[in-house]
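Overview (structure and organization)
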Amino acid sequence: MTSLLLWWFVRAKREKIQELIQKLDYVKEEMEQSDFQEALRRSKMAAVFAILVICLQPFVLSLRYLANQGESLACILIHSSSERNVQSVLAILLHESASIYVNTSITYAFALFYSLYCRIFASSLKNREQPVPRAFHLYQQVLKIFKEMEDSLSPLIFIAFAHFLVSLFKDMVVLVIVLQNGKGWNFLSYGVDFLIIGALTTVVVLSADGLQKRADFLRRFLSTFVPYDLKISCARILEDREDLKLTGWGVFAIRKPLLLTLVAWLISYGVIILQFYSA
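Since this is a predicted model, take the numbers as computed values, not measurements. By convention here, each chain's residues receive numbers from 1 onward along its written sequence. Per-residue local features are limited, in this predicted model, to residues with pLDDT of at least 70; the limit for side-chain atom pairs, both in listing and counting, is 80 or more; totals at the level of whole chains, interfaces and linings are taken over all residues. Just so you know, side-chain values use all the structure's heavy atoms and leave hydrogens and water out.

**As for the overall build of the chain**
We apply this condition: Counting from the N terminus, the helices are DSSP H or I runs at least four residues long and the strands are E runs at least two residues long. Partly exposed describes any residue whose relative accessible area lies between the buried limit of under 20% and the exposed limit of over 50%, with all areas from a 1.4 Å probe on protein chains only and scaled to the type maximum. Throughout, the Shrake-Rupley method with a 1.4 Å probe supplies accessible areas, and for residues the shown protein chains are the sole cover considered.
Helix and strand counts for the chain come out as eight helices and zero strands. Element order for the chain, N to C, with α for helix and β for strand: α-α-α-α-α-α-α-α. Every one of the 279 residues in the chain was classed for burial, and the buried ones make up 42%. In the structure as shown, the chain presents an accessible area of about 15,600 Å², 63% of it carried by carbon and sulfur atoms.

See the structure below:
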């Protein structure tokens with residue numbers, strides 16, 4: 001359900017997302033060549049990671065069916081034959097590939113896009129040795145981009161985090177059951193899914209947190225070193241801190257404490273599950 005909502009929101013906000021990408025044309029002029037090359041390298045790595053995950057994860061998830069002779073198959077069309085032949089293996093792989101593509105491809109793609117956008121944006125704010133008027137003009141562009149990110153990407157990141165949270169809770173339930181039943185292949189398949197989602201969540205949060213710190217540093221720099229002739233124009237700089245925040249649809253701030261909150265939720269949820277299934 002969350003994946004379908006994310007598909008719909010991305011299509012609805014496609015033009016605004018393209019405008020956001022074009023907004024980086026100005027600020028990326030502040031990037032050093034080494035940072036630009038690093039951003040390109042990371043974007044290629046992210047693309048390779050997404051392709052590998054979408055292609056290899058079905059094989060890992062299929063191991064639990066192949067190891068258990070088709071036990072607990074979700075696709076009823078494969079139940080008719082319990083023999084392990086080429087046709088049944090291909091059917092399982094196709095079923096898992098279709099499920100992975102529909103449920104995770106858009107979420108992985110958007111999470112990687114959001115994190116890369118934040119990292120490239122943050123790299124453009126890395127230059128601290130620049131004239132104050134130029135920094136002030138850059139700061140005005142930063143405020144505009146932050147506001148547009150909140151308008152366009154905030155609902156999408158909220159849905160993506162909802163998908164991540166539901167997937168993490170689901171994987172934890174399955175992992176607890178698997179540990180009690182002692183089925184190693186199930187633990188491997190769901191454990192891989194748990195680690196991938198956890199890593200994506202961490203990358204998104206750290207990227208957004210780094211961008212907000214860079215933008216806030218620029219704000220504090222201007223509030224301290226702005227010359228007298230710009231005092232009137234910069235009168236609201238001290239009040240702009242709330243505008244330099246990235247949130248999930250205004251529900252939560254995407255900062256490092258969010259990771260601690262998620263870990264606390266997962267630990268509490270895991271304890272409840274263990275008590276429930278141990279009773």
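**Considerations on the UniProt feature "transmembrane region" (unreviewed entry) in the chain**
What counts here: UniProt positions are given in the numbering used here, feature names are shortened, and annotations may be inferred rather than shown by experiment.
In this structure's numbering, the residues bearing the UniProt feature "transmembrane region" (unreviewed entry) are residues 46-67, 98-118, 156-178, 190-211 and 258-277. From the first C-alpha to the last, residues 98-118 spans 30 Å; its make-up is 100% helix and 0% strand. Regarding residues 156-178, the helix share stands at 100% and the strand share at 0%, and the terminal C-alpha atoms are separated by 33 Å.

**Observations regarding the nonpolar core**
Test applied: What we call a nonpolar core is a set of buried Ala, Val, Leu, Ile, Met, Phe, Trp, Tyr and Cys residues that are connected through their side-chain atoms within 4.5 Å. By the convention used here, residues are in contact when the closest approach between their heavy atoms is within 4.5 Å.
Counting 63 residues, the largest nonpolar core has Tyr114, Phe121, Val142, Met149 and Leu211 as the members making the most contacts within it. Those elements giving two or more residues to this core turn out to be α1 (2-12), α2 (14-27), α3 (33-67), α4 (86-124), α5 (132-152), α6 (154-181), α7 (184-225) and α8 (256-278). Setting aside residues no more than four positions away along its own chain, Val142 makes contact with Phe121, Leu125, Ala215, Leu218 and Leu244.

**Topic: α2**
Let me state the cut-off plainly: This arc describes the spread of directions from the helix axis toward the C-beta atoms.
For α2, the complete set of buried residues consists of Ile17, Leu20, Leu24 and Val27. The arc enclosing the buried residues of α2, seen along the axis, measures out at 60°, which places them on a common side. For α2, the exposed residues set more than 90 degrees away from the buried face come down to Glu15 and Gln22. Along its buried surface, α2 packs onto α1, α4, α5 and α6.

**What about the environment of Phe194?**
Summarising the element assignment, Phe194 is placed in helix α7. The sequence separation of Phe194 and Lys170 amounts to 24 residues, and the corresponding C-alpha distance is 9.1 Å. The residues touching Phe194, leaving out its near neighbours within four places in the chain, are Leu168, Asp171, Met172, Leu175 and Leu266.

**As for the packing of aromatic side chains**
Here is the rule we go by: To pair, rings of Phe, Tyr and Trp, with the six-membered ring standing in for Trp, must have centres within 6.5 Å; the planes then decide the type, stacked if under 30 degrees apart, edge-to-face if over 60, and tilted in the middle.
One pass over the full model with this rule turns up 12 aromatic pairs. An aromatic cluster is present here, built from Trp8, Phe9, Phe158, Phe161, Phe164, Trp249 and Phe252 joined pairwise through their rings.

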